[in-house]
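Observations on the three-dimensional arrangement
Below, each chain spelled out in residue letters.
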Amino acid sequence: MSTPQTAIIPDTITAAIYIEANVLDKEQTKAACCQALAALDDCRSRFPGHELGMTIAFGADFWHSLGHANEGREIRPFVPLGNGLCPTTQCDLMIHIQSRHFGLNYLLAEQVNAAFGSSIRIENETHGFRMPEERGLDGFVDGTENPHGEEKIAAVATIAQDRPDAGGSYIVLQKYLHDLKKWGGISVAEQEQAVGRSKADNIEFARADRLPDSHLGRTNIKENGVGLKIVRRSLPFGYISGEHGLQFIAYCATLHNIDEQLKFMFGDKDGKIDLLLKHMSTAVRSAYYYAPSVERLADL
Ligand code: HEM
(Lines give C-alpha, C1' and ligand atoms only; values in the text may rest on other atoms or scores of the structure.)
Protein backbone atom coordinates (compact mmCIF):
# COMPACT_ATOMS: atom_id res chain seq x y z
CA MET A 1 0.00 0.00 0.00
CA SER A 2 1.45 3.38 -1.04
CA THR A 3 0.23 6.39 0.90
CA PRO A 4 -0.75 9.66 -0.78
CA GLN A 5 0.87 12.73 0.76
CA THR A 6 -1.20 14.30 3.51
CA ALA A 7 -2.34 17.60 1.93
CA ILE A 8 -4.33 15.86 -0.82
CA ILE A 9 -7.30 14.06 0.77
CA PRO A 10 -8.47 16.30 3.68
CA ASP A 11 -11.07 18.79 2.45
CA THR A 12 -12.15 20.67 5.57
CA ILE A 13 -9.03 22.77 5.98
CA THR A 14 -9.17 26.55 6.38
CA ALA A 15 -5.65 27.80 5.67
CA ALA A 16 -2.63 26.90 3.57
CA ILE A 17 0.91 27.91 2.69
CA TYR A 18 2.17 27.36 -0.86
CA ILE A 19 5.91 27.59 -1.56
CA GLU A 20 7.77 27.18 -4.86
CA ALA A 21 11.54 26.91 -5.04
CA ASN A 22 14.44 26.02 -7.27
CA VAL A 23 16.97 23.45 -6.16
CA LEU A 24 20.60 24.49 -5.64
CA ASP A 25 21.89 21.28 -4.01
CA LYS A 26 20.27 18.01 -5.05
CA GLU A 27 21.64 15.68 -2.36
CA GLN A 28 20.83 18.12 0.44
CA THR A 29 17.32 18.57 -0.98
CA LYS A 30 16.73 14.80 -0.98
CA ALA A 31 17.83 14.57 2.66
CA ALA A 32 15.67 17.58 3.57
CA CYS A 33 12.55 15.80 2.25
CA CYS A 34 13.01 13.15 4.99
CA GLN A 35 13.61 15.81 7.63
CA ALA A 36 10.49 17.67 6.48
CA LEU A 37 8.42 14.47 6.84
CA ALA A 38 9.80 14.05 10.38
CA ALA A 39 8.86 17.66 11.19
CA LEU A 40 5.34 16.98 9.88
CA ASP A 41 4.98 13.87 12.09
CA ASP A 42 6.24 15.82 15.09
CA CYS A 43 3.80 18.74 14.55
CA ARG A 44 0.88 16.36 13.95
CA SER A 45 1.53 14.48 17.18
CA ARG A 46 2.06 17.65 19.22
CA PHE A 47 -1.03 19.39 17.78
CA PRO A 48 -3.57 16.73 16.76
CA GLY A 49 -7.03 17.46 15.38
CA HIS A 50 -6.13 20.21 12.94
CA GLU A 51 -5.85 18.04 9.80
CA LEU A 52 -2.29 19.26 9.31
CA GLY A 53 -0.95 17.94 6.01
CA MET A 54 1.91 18.58 3.62
CA THR A 55 2.71 17.77 0.01
CA ILE A 56 6.24 18.00 -1.36
CA ALA A 57 6.28 17.78 -5.15
CA PHE A 58 8.79 18.15 -7.97
CA GLY A 59 8.97 19.84 -11.35
CA ALA A 60 9.71 17.57 -14.33
CA ASP A 61 13.40 18.42 -14.72
CA PHE A 62 14.23 17.79 -11.08
CA TRP A 63 12.03 14.67 -10.86
CA HIS A 64 13.66 13.16 -13.95
CA SER A 65 17.11 13.90 -12.52
CA LEU A 66 16.24 11.57 -9.61
CA GLY A 67 15.97 8.67 -12.04
CA HIS A 68 12.66 6.97 -11.14
CA ALA A 69 11.79 6.55 -14.79
CA ASN A 70 8.69 4.38 -14.24
CA GLU A 71 7.06 6.80 -11.85
CA GLY A 72 5.26 10.06 -12.55
CA ARG A 73 5.71 9.43 -16.27
CA GLU A 74 3.26 12.13 -17.37
CA ILE A 75 5.04 15.00 -15.65
CA ARG A 76 6.43 17.72 -17.94
CA PRO A 77 7.25 21.41 -17.53
CA PHE A 78 4.35 23.83 -17.80
CA VAL A 79 4.31 25.60 -21.17
CA PRO A 80 2.58 28.98 -21.72
CA LEU A 81 -1.04 28.89 -22.85
CA GLY A 82 -3.40 31.26 -24.65
CA ASN A 83 -0.74 33.18 -26.61
CA GLY A 84 0.94 34.35 -23.42
CA LEU A 85 -2.28 34.90 -21.46
CA CYS A 86 -0.98 32.22 -19.12
CA PRO A 87 2.81 32.41 -18.65
CA THR A 88 4.92 29.63 -17.16
CA THR A 89 6.80 30.08 -13.89
CA GLN A 90 7.91 26.46 -13.57
CA CYS A 91 10.14 25.68 -10.56
CA ASP A 92 11.84 22.51 -9.26
CA LEU A 93 10.01 22.10 -5.96
CA MET A 94 6.61 22.82 -4.45
CA ILE A 95 5.60 22.63 -0.81
CA HIS A 96 1.89 22.76 0.09
CA ILE A 97 1.01 22.86 3.78
CA GLN A 98 -2.63 22.97 4.88
CA SER A 99 -4.68 22.60 8.06
CA ARG A 100 -7.45 24.20 10.07
CA HIS A 101 -4.94 26.41 11.91
CA PHE A 102 -2.92 29.09 10.12
CA GLY A 103 -0.34 29.35 12.92
CA LEU A 104 0.28 25.62 12.85
CA ASN A 105 0.94 25.80 9.10
CA TYR A 106 3.47 28.54 9.82
CA LEU A 107 5.15 26.51 12.56
CA LEU A 108 5.62 23.55 10.24
CA ALA A 109 6.71 25.76 7.32
CA GLU A 110 9.43 27.29 9.52
CA GLN A 111 10.80 23.83 10.31
CA VAL A 112 10.56 22.67 6.71
CA ASN A 113 12.34 25.82 5.56
CA ALA A 114 15.11 25.18 8.10
CA ALA A 115 15.44 21.59 6.83
CA PHE A 116 15.90 22.69 3.22
CA GLY A 117 18.12 25.61 4.27
CA SER A 118 20.49 26.74 1.54
CA SER A 119 19.72 23.71 -0.68
CA ILE A 120 16.86 25.63 -2.30
CA ARG A 121 16.03 29.20 -3.33
CA ILE A 122 12.42 30.14 -2.64
CA GLU A 123 10.82 31.86 -5.65
CA ASN A 124 7.29 32.36 -4.33
CA GLU A 125 5.36 32.00 -1.09
CA THR A 126 1.60 32.52 -0.77
CA HIS A 127 -0.62 32.22 2.30
CA GLY A 128 -4.23 31.23 1.65
CA PHE A 129 -7.27 31.55 3.89
CA ARG A 130 -10.83 30.21 3.79
CA MET A 131 -13.60 32.84 3.49
CA PRO A 132 -17.02 32.38 5.14
CA GLU A 133 -19.33 29.99 3.25
CA GLU A 134 -16.28 28.80 1.28
CA ARG A 135 -16.65 31.74 -1.11
CA GLY A 136 -13.90 33.19 -3.26
CA LEU A 137 -13.04 36.91 -3.07
CA ASP A 138 -15.40 37.24 -6.07
CA GLY A 139 -18.33 36.26 -3.85
CA PHE A 140 -19.06 32.84 -5.42
CA VAL A 141 -18.96 29.57 -3.49
CA ASP A 142 -15.85 27.69 -4.66
CA GLY A 143 -15.32 23.93 -4.42
CA THR A 144 -18.94 22.69 -4.63
CA GLU A 145 -18.34 20.19 -7.43
CA ASN A 146 -15.09 18.89 -5.95
CA PRO A 147 -15.17 15.13 -5.37
CA HIS A 148 -16.16 14.40 -1.75
CA GLY A 149 -15.46 11.43 0.52
CA GLU A 150 -12.04 9.90 1.10
CA GLU A 151 -12.39 7.06 -1.40
CA LYS A 152 -13.70 9.23 -4.21
CA ILE A 153 -11.05 11.89 -3.60
CA ALA A 154 -8.26 9.31 -3.58
CA ALA A 155 -9.56 7.73 -6.80
CA VAL A 156 -9.61 11.07 -8.64
CA ALA A 157 -6.49 12.64 -7.12
CA THR A 158 -4.01 9.78 -6.75
CA ILE A 159 -2.50 7.06 -8.93
CA ALA A 160 -4.05 3.59 -8.46
CA GLN A 161 -2.46 1.02 -6.14
CA ASP A 162 -1.57 -1.42 -8.94
CA ARG A 163 0.85 1.04 -10.56
CA PRO A 164 4.59 1.46 -9.82
CA ASP A 165 3.89 5.09 -8.81
CA ALA A 166 0.84 4.22 -6.68
CA GLY A 167 -0.24 7.01 -4.33
CA GLY A 168 1.45 9.65 -6.51
CA SER A 169 -0.38 12.71 -7.83
CA TYR A 170 -0.03 15.32 -10.55
CA ILE A 171 -0.46 18.96 -9.57
CA VAL A 172 -1.09 22.32 -11.17
CA LEU A 173 -0.26 25.34 -9.05
CA GLN A 174 -1.44 28.71 -10.39
CA LYS A 175 -1.69 32.15 -8.90
CA TYR A 176 -4.57 34.31 -10.15
CA LEU A 177 -4.79 38.03 -9.38
CA HIS A 178 -8.37 39.33 -9.22
CA ASP A 179 -9.40 42.81 -10.38
CA LEU A 180 -12.39 43.08 -8.06
CA LYS A 181 -13.19 46.63 -9.16
CA LYS A 182 -13.64 45.39 -12.71
CA TRP A 183 -15.64 42.38 -11.46
CA GLY A 184 -17.87 44.69 -9.40
CA GLY A 185 -18.39 46.81 -12.54
CA ILE A 186 -20.53 44.12 -14.20
CA SER A 187 -23.98 43.10 -12.95
CA VAL A 188 -24.54 40.07 -10.72
CA ALA A 189 -26.44 38.47 -13.63
CA GLU A 190 -23.34 38.87 -15.84
CA GLN A 191 -21.12 37.47 -13.08
CA GLU A 192 -23.43 34.45 -12.80
CA GLN A 193 -23.28 33.96 -16.58
CA ALA A 194 -19.48 34.09 -16.37
CA VAL A 195 -19.36 31.39 -13.71
CA GLY A 196 -22.33 29.25 -14.78
CA ARG A 197 -23.87 29.19 -11.28
CA SER A 198 -26.03 31.58 -9.26
CA LYS A 199 -24.19 33.75 -6.74
CA ALA A 200 -26.25 33.93 -3.54
CA ASP A 201 -27.64 30.39 -3.46
CA ASN A 202 -24.98 28.64 -5.57
CA ILE A 203 -27.27 26.78 -7.98
CA GLU A 204 -25.71 25.30 -11.10
CA PHE A 205 -27.19 26.57 -14.39
CA ALA A 206 -28.65 23.86 -16.63
CA ARG A 207 -26.29 22.89 -19.45
CA ALA A 208 -28.62 24.48 -22.02
CA ASP A 209 -28.56 27.82 -20.15
CA ARG A 210 -24.77 27.89 -19.74
CA LEU A 211 -22.59 30.08 -21.95
CA PRO A 212 -19.93 28.01 -23.72
CA ASP A 213 -17.25 30.40 -22.43
CA SER A 214 -18.58 30.42 -18.84
CA HIS A 215 -16.21 28.89 -16.29
CA LEU A 216 -18.39 25.78 -16.04
CA GLY A 217 -18.58 25.63 -19.83
CA ARG A 218 -14.77 25.47 -19.87
CA THR A 219 -14.14 23.10 -16.95
CA ASN A 220 -17.15 20.77 -16.73
CA ILE A 221 -16.01 18.70 -19.68
CA LYS A 222 -16.38 15.13 -20.88
CA GLU A 223 -14.13 12.95 -22.98
CA ASN A 224 -15.75 9.91 -24.62
CA GLY A 225 -18.68 10.40 -22.26
CA VAL A 226 -16.53 10.43 -19.11
CA GLY A 227 -16.18 13.59 -16.98
CA LEU A 228 -12.58 14.83 -16.57
CA LYS A 229 -12.42 15.13 -12.78
CA ILE A 230 -9.79 16.87 -10.64
CA VAL A 231 -9.50 17.65 -6.90
CA ARG A 232 -9.11 21.35 -6.09
CA ARG A 233 -7.51 22.56 -2.88
CA SER A 234 -7.40 26.27 -3.80
CA LEU A 235 -7.83 29.16 -1.36
CA PRO A 236 -8.18 32.93 -1.61
CA PHE A 237 -5.05 34.91 -0.71
CA GLY A 238 -3.82 38.48 -0.45
CA TYR A 239 -4.19 41.92 1.02
CA ILE A 240 -7.04 44.44 1.16
CA SER A 241 -4.59 47.18 0.13
CA GLY A 242 -2.51 45.08 -2.25
CA GLU A 243 -2.57 42.07 -4.57
CA HIS A 244 -5.27 39.48 -3.96
CA GLY A 245 -6.96 36.62 -5.77
CA LEU A 246 -7.06 32.86 -5.88
CA GLN A 247 -4.15 30.52 -5.19
CA PHE A 248 -5.29 27.69 -7.41
CA ILE A 249 -4.05 24.15 -6.82
CA ALA A 250 -5.46 20.93 -8.21
CA TYR A 251 -4.42 17.30 -7.75
CA CYS A 252 -5.15 14.49 -10.20
CA ALA A 253 -4.21 10.89 -10.96
CA THR A 254 -3.48 12.03 -14.51
CA LEU A 255 -2.02 15.30 -15.76
CA HIS A 256 -4.25 14.97 -18.81
CA ASN A 257 -7.45 16.07 -17.01
CA ILE A 258 -5.82 19.23 -15.64
CA ASP A 259 -4.17 20.04 -18.95
CA GLU A 260 -7.40 19.69 -20.93
CA GLN A 261 -9.32 22.02 -18.60
CA LEU A 262 -6.57 24.65 -18.83
CA LYS A 263 -6.51 24.44 -22.63
CA PHE A 264 -10.29 24.99 -22.67
CA MET A 265 -9.99 27.96 -20.27
CA PHE A 266 -7.21 29.75 -22.15
CA GLY A 267 -8.63 29.28 -25.66
CA ASP A 268 -6.15 26.64 -26.86
CA LYS A 269 -8.97 24.22 -27.76
CA ASP A 270 -11.60 26.25 -29.61
CA GLY A 271 -10.51 29.88 -29.33
CA LYS A 272 -13.04 30.61 -26.56
CA ILE A 273 -11.57 32.15 -23.41
CA ASP A 274 -13.04 31.66 -19.94
CA LEU A 275 -15.18 34.67 -19.00
CA LEU A 276 -13.55 34.76 -15.54
CA LEU A 277 -10.32 35.70 -17.33
CA LYS A 278 -12.10 38.39 -19.31
CA HIS A 279 -13.92 39.97 -16.38
CA MET A 280 -11.64 39.46 -13.37
CA SER A 281 -8.62 37.20 -13.21
CA THR A 282 -5.06 37.19 -14.54
CA ALA A 283 -2.82 34.14 -14.22
CA VAL A 284 0.59 35.37 -13.02
CA ARG A 285 2.13 32.03 -12.04
CA SER A 286 1.65 28.49 -13.42
CA ALA A 287 3.58 25.26 -12.95
CA TYR A 288 3.14 21.49 -12.99
CA TYR A 289 4.51 19.23 -10.27
CA TYR A 290 4.55 15.54 -9.44
CA ALA A 291 4.02 14.46 -5.81
CA PRO A 292 5.28 10.92 -5.17
CA SER A 293 3.77 8.80 -2.39
CA VAL A 294 4.94 9.33 1.20
CA GLU A 295 6.98 6.10 1.00
CA ARG A 296 8.78 7.17 -2.19
CA LEU A 297 9.41 10.65 -0.79
CA ALA A 298 10.97 9.16 2.32
CA ASP A 299 13.16 6.96 0.11
CA LEU A 300 14.30 9.23 -2.72
C1 HEM B 1 -9.58 32.58 -11.57
C2 HEM B 1 -9.47 31.35 -11.17
C3 HEM B 1 -10.66 30.50 -10.81
C4 HEM B 1 -11.79 30.83 -10.13
C5 HEM B 1 -12.14 32.18 -9.50
C6 HEM B 1 -12.63 29.65 -10.08
C7 HEM B 1 -13.87 29.59 -9.48
C8 HEM B 1 -14.74 28.52 -9.59
C9 HEM B 1 -16.10 28.50 -9.11
C10 HEM B 1 -16.78 29.66 -8.39
C11 HEM B 1 -16.63 27.30 -9.42
C12 HEM B 1 -18.07 26.80 -9.17
C13 HEM B 1 -18.24 26.05 -7.89
C14 HEM B 1 -17.46 24.77 -7.79
O15 HEM B 1 -17.90 23.72 -8.26
O16 HEM B 1 -16.36 24.84 -7.25
C17 HEM B 1 -15.60 26.54 -10.09
C18 HEM B 1 -15.74 25.26 -10.57
C19 HEM B 1 -14.75 24.53 -11.16
N20 HEM B 1 -13.49 24.95 -11.49
FE21 HEM B 1 -12.76 26.80 -11.15
N22 HEM B 1 -11.98 28.63 -10.73
C23 HEM B 1 -10.77 29.10 -11.19
C24 HEM B 1 -9.82 28.41 -11.91
C25 HEM B 1 -9.93 27.08 -12.28
C26 HEM B 1 -8.93 26.32 -12.99
C27 HEM B 1 -7.57 26.87 -13.41
C28 HEM B 1 -9.42 25.07 -13.17
C29 HEM B 1 -8.81 23.87 -13.86
C30 HEM B 1 -7.52 23.68 -14.06
C31 HEM B 1 -10.73 25.03 -12.57
C32 HEM B 1 -11.53 23.93 -12.53
C33 HEM B 1 -12.83 23.91 -12.05
C34 HEM B 1 -13.67 22.73 -12.07
C35 HEM B 1 -13.30 21.34 -12.56
C36 HEM B 1 -14.90 23.12 -11.52
C37 HEM B 1 -16.15 22.26 -11.37
C38 HEM B 1 -16.93 22.25 -12.67
C39 HEM B 1 -18.15 21.38 -12.56
O40 HEM B 1 -18.01 20.17 -12.71
O41 HEM B 1 -19.22 21.93 -12.31
N42 HEM B 1 -11.00 26.27 -12.05
N43 HEM B 1 -14.45 27.30 -10.19
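Look a little higher up for the structure.
Everything numeric in this text was worked out from a predicted model, so none of it was measured.

This part is about the overall build of the chain. Within the chain, the secondary structure is distributed over 10 helices and 11 strands. Relative to a compact globule of 300 residues, whose C-alpha radius of gyration would be 19 Å, the chain shows 19 Å and is just as compact. Every one of the 300 residues in the chain was classed for burial, and the buried ones make up 44%. Within the chain, counting contacts between residues at least 6 apart in sequence, those at least 24 apart form 79% of the total.

Counting buried residues in strand β11 (residues 281–291) gives nine out of 11 residues, a clear majority hidden from the surface. Sheet topology places strand β5 (residues 169–178) next to β11; 10 bridges connect them, and they run antiparallel. Considered in β11, the bridge of V172 is made with Y288.

Next up on the list: the site of the ligand. Looking at the ligand, there are 27 residues lining it, with F140, E145, T219, N220 and S281 nearest. Elements with a contribution of two residues or more to the shell around the ligand: β5, α7 (215–219), β10 (244–252) and α8 (255–265). Per-element accounting of the shell around the ligand gives the leading share, four residues, to α8. Of the residues assigned to the shell around the ligand, the class counts are 14 nonpolar, nine polar and four charged.

What follows concerns α8. Turning to α8, its buried residues are L255, N257, D259, Q261, L262, F264 and M265. Tucked into the core, α8 has its buried residues touching β5, α7, β10, α9 (275–279) and β11. At the C-terminal side of α8, G267 shows a positive phi close to 85°.

The subject of this paragraph is helix α3 (residues 102–116). End to end, α3 covers 21 Å across 15 residues, agreeing with the expected 21 Å (1.5 Å per residue, within 8%). Listed as buried for α3 are L104, N105, L108, A109, V112, A115 and F116. What you see down the axis of α3 is that its buried residues fit within an arc of 135°, all on one side. For α3, the exposed residues set more than 90 degrees away from the buried face come down to G103, E110 and A114. The inward-facing, buried residues of α3 abut β1 (15–23), α1 (26–46), β2 (53–58), β3 (93–99) and β4 (120–129).

This part is about the environment of S99. Residue position: S99 is located in strand β3. Spatially, the C-alpha atom of S99 lies 23 Å from that of D138, the residues being 39 residues apart in sequence. The residues touching S99, leaving out its near neighbours within four places in the chain, are I13, A15, H50, E51, L52, G53, L104 and N105.

Turning next to the packing of α1 against α3. Where α1 contacts α3, the two axes come as close as 8 Å, and the packing angle between them is 155°. In terms of orientation, α1 and α3 fall into the roughly antiparallel class. In the packing of α1 onto α3, the handedness of the crossing is right-handed. Note on element contacts: α3 touches α1 through L104, L107, L108, Q111, V112, A115 and F116, opposite T29, A32, Q35, A36, A39, L40 and C43. A class-by-class count of the residues in the contact of α1 with α3 yields 11 nonpolar, three polar and no charged.

Each value, and the rule that gives it
- Residues numbered from 1 in each chain as written.
- Predicted model: local features only at pLDDT ≥ 70, side-chain atom pairs only at ≥ 80, totals over all residues.
- Helix = DSSP H or I, 4+ residues; strand = E, 2+ residues; numbered from the N terminus.
- Rg over C-alpha atoms; globule rule 2.2 N^0.38 Å.
- Buried ≥ 20, exposed ≤ 12 C-beta atoms within 10 Å, placed from the backbone.
- Contact = placed C-beta atoms within 7 Å.
- Pairing = 2+ DSSP bridges.
- Near = placed C-beta within 6 Å.
- Nonpolar A, V, L, I, M, F, W, Y, C, P; charged D, E, K, R; others polar.
- Expected span 1.5 Å × (residues − 1).
- Arc of directions from axis to C-beta.
- Axes fitted to C-alpha atoms, helices over the stretch in contact; angles between N-to-C directions.
- Parallel < 35°, antiparallel > 145°, perpendicular 65-115°, else oblique.
- Left-handed = near helix turned anticlockwise from the far one by under 90°.

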